[in-house]
Amino acid sequence: MKLTKTVLAVAIAGIAAAPMMASATTTLSGVVELKFQGSDDDAPDTNFNGDTDFEVGEAEIATGDVLFGIQSSQALNNGLTGYGSLRLDMNSFSNGSPGTSDSVYVGVKGGFGDFRFGETGNPGEYGQISDAFFDMGIDIDQGIGYTGSFGGATIGAAYSPSTNQDVYGIGAKFAWKGLSLAVSMQDLDEGTNAAASVGFAYAGASIGLGFTTEESPVPGADDEQTIKAKVGYSIAGIALGLTYEAQTESEDSGVRFDANYDLGGGLNIGTRINAFTDGASGNATVADGGDKTDWRVVLGKSF
């Protein structure tokens, strides 16, 4: 009789849980990217077999993103949704290292917004349209964050205590038809940074202008300002982009060209060319920290 009652109880519990189980969603995903790359860096280098007489910038086959992830969300009885994520970034060839964890977070969301623990994203970078060469912030992956959307406006805040990353960021962005505006700031142990941007998109074309300012960690030193501009165009699976960034104090600058083609079925081929100018280097070589140009061609498959 005891066994019969136990089996009956388990059956009833399973039936009661069925509606909740039906609303759960788990997604397995991954990316594999391999690339052919090179640069004008003429510093001495050693190849995979230990042979010398090579340069760092010589053309080579390398890995891009090689990763596997799991995401799960569950509708709760109180109308909220709980969710979580974990990802393994291997970024290596076969028989390479096991990789590191990434995109590790857990959260709950509802009509009030979205609260997340772990890797939260950084709203302090909302106003930054590009980090191709100069990044005014850091990724917050050991914190707590909130984002909320109200009409066309989105606000966000994230915090990581001093025992972790010692940073907080806040930001707001607004989108209406093709127009977008964003402002943000973040406070790190090195100082306070801020950013603002405006953008417009129409019929596959887009343009964005941005400005960032970074407080120098050196007492008495001038703050660094960066001007950023980005244009893009997409049509029939082809995406083109051009990015320019320039710093006012260091006089460093960079230009990036991107071209990608979606072959369908998660298969993508793309190329990127970076040209960096070191404002303080004059005619210094790349090995001395001077000007540099690099390129890559990537074939990737997502699943």
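Draft legend 1. Representation of the overall build of the chain within the structure. Assigned secondary structure in the chain consists of 1 helix and 18 strands. Contacts in the chain between residues far apart in sequence, at least 24 positions, make up 44% of those at least 6 positions apart. Surface summary for the chain: the accessible area is close to 17800 Å², and the carbon and sulfur share equals 61%.

Draft legend 2. How the structure looks around the pattern of salt bridges. All told, the structure shown has 3 salt bridges when counted by the stated rule. Asp89 is the partner of Arg87 in a salt bridge, and the nearest nitrogen-oxygen pair spans 2.7 Å. One connected set of salt bridges, linked through shared partners, spans Arg87, Asp89 and Asp102.

Draft legend 3. Up close: the pairing of strand β8 (residues 143-150). Bridge analysis of strand β7 (residues 113-118) against β8 gives 5 bridges, and the strand direction is antiparallel. Note on β8: the bridge partner recorded for Asp114 is Thr147. For β8 and strand β9 (residues 153-160), the ladder comprises 7 bridges, and the chain directions are antiparallel. The partner of Phe150 across the bridge, within β9, is Ala153.

Draft legend 4. Just a negative patch on the surface, in detail. Taken together, Asp40, Asp42, Asp45, Asp53, Glu55, Glu58, Glu60 and Asp291 make up a surface patch of like negative charges. The topology assignment puts Asp42 in the loop between β1 (25-39) and β2 (44-45).

Draft legend 5. Geometry of the side chain of Lys228. Mapped onto the secondary structure, Lys228 falls in strand β14 (residues 224-235). As a buried residue without a salt bridge, Lys228 has its nearest oppositely charged side chain in Glu245, at a separation of 4.1 Å. Of note is the side chain of Lys228, whose polar atom sits 2.5 Å from the backbone oxygen of Ser130. The residues touching Lys228, leaving out its near neighbours within four places in the chain, are Gln128, Ile129, Ser130, Asp131, Phe134, Gly208, Leu209, Gly210, Thr212, Tyr244 and Glu245.

Draft legend 6. Region of interest: the environment of Leu179. Its place among the elements puts Leu179 in strand β11 (residues 179-188). Spatially, the C-alpha atoms of Leu179 and Ser206 are 9.8 Å apart, while their sequence positions differ by 27 residues. The residues touching Leu179, leaving out its near neighbours within four places in the chain, are Phe174, Val198, Gly199 and Phe200.

Draft legend 7. The arrangement of the confidence of the model for the chain in detail. Confidence in the prediction of the chain, expressed as mean pLDDT, is 88, and 89% of residues score 70 or more. This model gives residues 1-22 a pLDDT under 50, and the stretch forms 4 contacts once residues within four places in sequence are excluded.

Draft legend 8. Geometry of unusual backbone geometry. Here the phi dihedral of Ser103 falls at roughly 50 degrees; this positive angle occurs in a residue that is not glycine. Here Ser103 is to be found in strand β6 (residues 100-110). We classify Ser103 as buried; its relative accessible area is 14%. Located in the positive-phi region is Ala236, a residue other than glycine, with phi close to 50 degrees. Mapped onto the elements, Ala236 comes out in the loop between β14 and β15 (238-247). Ala236 gets classed as exposed once you look at its relative accessible area, which sits at 70%.

Reading the values: the criteria
Residues numbered from 1 in each chain as written. Predicted model: local features only at pLDDT ≥ 70, side-chain atom pairs only at ≥ 80, totals over all residues. Heavy atoms only, no water. Helix = DSSP H or I, 4+ residues; strand = E, 2+ residues; numbered from the N terminus. Contact = heavy atoms within 4.5 Å. Areas by Shrake-Rupley, 256 points an atom, 1.4 Å probe, with all protein chains shown as cover. Salt bridge = Lys/Arg side-chain N within 4 Å of Asp/Glu carboxyl O. Pairing = 2+ DSSP bridges. Patch = residues over 30% accessible without salt bridge, like charges linked within 9 Å, V, L, I, M, F, W, Y side chains within 5 Å. Lys, Arg positive; Asp, Glu negative; His and termini not counted. Charge placed at Lys NZ, Arg CZ, Asp CG, Glu CD. Buried < 20%, exposed > 50% of the residue type's maximum accessible area, 1.4 Å probe, protein only. Polar contact = N/O pair within 3.5 Å; in protein donor to acceptor, adjacent residues only side chain to side chain. pLDDT = per-residue confidence, 0-100.

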